Amino acid sequence: MASSLLSLFSFSLTFLFFLSPALSTNSEGNALHALRSRFNDATNVLQSWDPTLVNPCTWFHVTCDANNHVIRLDLGNSNISGSLGPELGQLKHLEYLELYRNDIGGKIPKELGNLKNLVSMDLYGNRFEGKIPKSFSKLKSLRFLRLNNNKLSGSIPRELTGLSNLKVFDVSNNDLCGTIPVDGPFSTFSMESFENNRLSGPELQGLVPYDFGC
């Protein structure tokens, strides 16, 4: 009896082991399908996003790795409107989030800070409003962050100065206020990255609060 139970337990573990990648990619498919429900897709660029498929790896504008994990979402310049939701934070393996030059509005979800493998986030040329999420400070692999040409407000989170791999940062043409960080990678960014906001210039540490003028 004990031997039979042990064999059954071993089989169950093996079954779950082989099933786990499918479960993972299915949850990613569910997240992307939830995202699609938030979008208005005027030109049907998302017509291949069929939630009945085993995983989203055959969908257009989605790229997966060898383990069928979603690593790229390429929807730049796709004539999409709508908003983003917290479900995007479930794409744990995502490396590239390209949503530039659309008509997407609303707030940027703080859950995007859960995308620990993210290398590039391009949200420029939309209608995003509200503050830049402080949770972005958790994106330690991030190299490119372009949020320019939106309607973002508030100050630039000082937590972002800890993103040591950040090479490109652009928040120009928004409604940001306060001062410009000078620590970490921000010491290398040109002033063009911050132009056409309500920013007061580089931070004078110890003399002026970073959110001065907000």
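Attention in this report is confined to the structure presented alongside it.

Procedures and definitions
- Residues numbered from 1 in each chain as written.
- Predicted model: local features only at pLDDT ≥ 70, side-chain atom pairs only at ≥ 80, totals over all residues.
- Heavy atoms only, no water.
- Pairing = 2+ DSSP bridges.
- Helix = DSSP H or I, 4+ residues; strand = E, 2+ residues; numbered from the N terminus.
- Axes fitted to C-alpha atoms, helices over the stretch in contact; angles between N-to-C directions.
- Phe/Tyr/Trp six-rings, centres within 6.5 Å; stacked < 30°, edge-to-face > 60°.
- Buried < 20%, exposed > 50% of the residue type's maximum accessible area, 1.4 Å probe, protein only.
- Lys NZ or Arg CZ within 6 Å of the ring centre and 35° of its normal.
- Polar contact = N/O pair within 3.5 Å; in protein donor to acceptor, adjacent residues only side chain to side chain.
- Contact = heavy atoms within 4.5 Å.
- Core = buried A, V, L, I, M, F, W, Y, C linked by side-chain atoms within 4.5 Å.
- Disulfide = S-S within 2.5 Å.

### What about the sheet that holds strand β11 (residues 168-170)?
Here we have 6 strands laid out as an open sheet, ordered β2-β3-β5-β7-β9-β11, and mixed in their pairing. Edge positions in the open sheet fall to β2 (62-64) and β11, since each of these has one partner strand only. Strand after strand, the sheet turns through a mean of 15° between neighbouring axes, direction not considered. By the bridge criterion, 3 bridges tie strand β7 (residues 120-122) to strand β9 (residues 144-146) in an arrangement that is parallel. Counterpart to Ser120 in the pairing with β9 is Phe144.

### Quick notes on the packing of aromatic side chains
Summed over the entire model, instances satisfying the criterion amount to 7 aromatic pairs. Taken together, a centroid distance of 5.3 Å and an interplanar angle of 25° make the contact between Trp49 and Trp59 stacked. With Trp49 in the loop between β1 (39-41) and β2 and Trp59 in the loop between β1 and β2, this residue pair connects regions lying 10 residues apart in the sequence. For Trp49, a relative accessible area of 1% translates into the label buried. Ring plane angle 75° and centroid distance 5.3 Å describe the contact between Phe186 and Phe189, whose orientation is recorded as edge-to-face. Note on Phe186: relative accessible area 4%, which makes it buried. Taking the relative accessible area as the measure of exposure, Phe189 reaches 10% and is therefore buried. The lysine or arginine in question, Arg72, covers the ring of Tyr96, its NZ or CZ lying 4.3 Å from the ring centre.

### Some thoughts on the side chain of Asn197
Mapped onto the fold, Asn197 is located in the loop between β12 (175-180) and β13 (198-202). A polar side-chain atom of Asn197 sits 3.2 Å from the main-chain amide nitrogen of Asn174. Engagement of the side chain of Asn197 in a polar contact is seen with the backbone oxygen of Glu195, the distance being 3.4 Å. When near neighbours in sequence (up to four residues on either side) are disregarded, Asn197 contacts Val171, Ser172, Asn173, Asn174, Asp175 and Leu176.

### Points about the side chain of Asp41
By the secondary structure assignment, Asp41 is in strand β1. Asp41 has contacts with Leu46, Gln47 and Ile80, leaving out every residue within four places of it along the chain.

### Let's talk about unusual backbone geometry
Phi at His61 is positive, roughly 75°, even though this residue is not glycine. Within the secondary structure layout, His61 lies in the loop between β1 and β2. Its relative accessible area of 31% is what places His61 among the partly exposed residues. Look at Arg101: it is not a glycine, yet its phi comes out positive at around 50°. Relative to the assigned elements, Arg101 resides in the loop between β5 (96-98) and β6 (103-107). Judged by its relative accessible area of 51%, Arg101 is exposed.

### What about the environment of Gly85?
Within the fold, Gly85 resides in the loop between β4 (80-83) and β5. What makes Gly85 buried here is its relative accessible area of 3%. Residues Gly85 and Gly106, spaced 21 residues apart in sequence, show a C-alpha to C-alpha distance of 9.4 Å. Not counting residues up to four positions away in its chain, the partners in contact with Gly85 are Arg38 and Pro109.

### Re the nonpolar core
With 47 residues, the main nonpolar core has Leu73, Met121, Phe136 and Phe169 as its most contacted residues. Of all the secondary-structure elements, those providing two or more residues to this core are α1 (2-38), β2, β3 (70-74) and β12. Discounting chain neighbours no more than four positions away, the residues touching Met121 are Leu97, Leu112, Phe136, Leu139, Leu142, Phe144, Leu145 and Arg146.

### Overview of the state of the cysteines
In protein chemistry, a disulfide is the covalent bond that joins the sulfur atoms of two cysteines. As enumerated under the stated definition, the model contains 2 disulfides in all. Across the disulfide from Cys57 sits Cys64; the S-S distance is 2.2 Å. One quick way to see it: the torsion about the S-S bond of Cys57 and Cys64 is about -95°, and its sign makes the bridge left-handed. Between the sulfur atoms of Cys177 and its disulfide partner Cys214 the distance amounts to 2.1 Å. Here the S-S torsion is close to 110°, and the disulfide linking Cys177 with Cys214 is therefore right-handed. You can see Cys177 sitting in strand β12 and its partner Cys214 sitting in the segment after β13, a full 37 residues away along the chain. A relative accessible area of 54% means that Cys214 is categorised as exposed. In the chain, the cysteines engaged in disulfides, taken in order along the sequence, are linked 1-2, 3-4.

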